[in-house]
Amino acid sequence: MGLKQKPFVVCDSVSVLDPYGGEGSIILVQSGMSVITPLTIVSIDVCVRQSQKTKVSLDFLSQAAIEDMGLATSFGLVFQLQRNGIVVATINDEMDYVPAGSTGRYTNFSNFPLVDDEPDTGINKYELILNGLSFTGTENIGMYIGSRSLKATVFIV
């Protein structure tokens, strides 16, 4: 896998029909729960033969679903992209939200591209990790991770 001189793709994805606690979703917090982080959202293994001639283009997506029980809230998610346990990117996803109706729901698809220049030779494990979670304005919040994916396109230059 990936040992020829052509670009190749490695990916992992999870599609979730109902991100609000449905099958396949990750429950981050519901009313009264404590917040648990860090949490691996998705991961892939990428084989690299020659570090100095390789670039790995990474695209990752994570669907954050928030239920606010009808009250205004602020929330923040801190994602880390790690290669072999070393952080290569940190992404903060923060928002203040005021519901339009009696019970609000908000879904956000965070999508981030990154190029990892000259990764380590051998098998590299890339992981998208939720490494921070915050919310204010209500104790009756539900936060979930729904559909998510991580794709690596490896280029030998």
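See above for the structure.
**Student:** Is there a simple way to think about the environment of A65 in this case?
**Tutor:** Checked against the element boundaries, A65 lands in strand β4 (residues 54-67). Separated by 42 residues in sequence, A65 and T107 have C-alpha atoms that sit 4.4 Å apart. When residues no more than four places from it in sequence are discounted, the contact partners of A65 are P19, Y20, Y106, T107, G142, M143 and Y144.

**Student:** Help me understand the environment of T136 in this model?
**Tutor:** Position of T136 relative to the elements: it lies in strand β8 (residues 122-136). Overall, the relative accessible area of 47% leaves T136 in the partly exposed class. When sequence neighbours within four positions are dropped, the list of residues in contact with T136 reads A72, T73 and S74.

**Student:** In this structure, what is going on with the nonpolar core? I would like to understand it.
**Tutor:** Soluble globular proteins tend to bury their nonpolar side chains together. Counting residues in hydrophobic clusters, the biggest one holds 33 residues, and the most contacted among them are L28, V46, L77, F79, M143 and L150. Counting only elements with at least two residues in this core, the list comes to β1 (8-14), β2 (26-29), β3 (39-48), β4, β5 (73-83), β6 (86-97), β8 and β9 (142-156).

Conventions adopted
Residues numbered from 1 in each chain as written. Predicted model: local features only at pLDDT ≥ 70, side-chain atom pairs only at ≥ 80, totals over all residues. Heavy atoms only, no water. Helix = DSSP H or I, 4+ residues; strand = E, 2+ residues; numbered from the N terminus. Contact = heavy atoms within 4.5 Å. Buried < 20%, exposed > 50% of the residue type's maximum accessible area, 1.4 Å probe, protein only. Core = buried A, V, L, I, M, F, W, Y, C linked by side-chain atoms within 4.5 Å.

Functional significance is not addressed by these values, which are geometric in nature.
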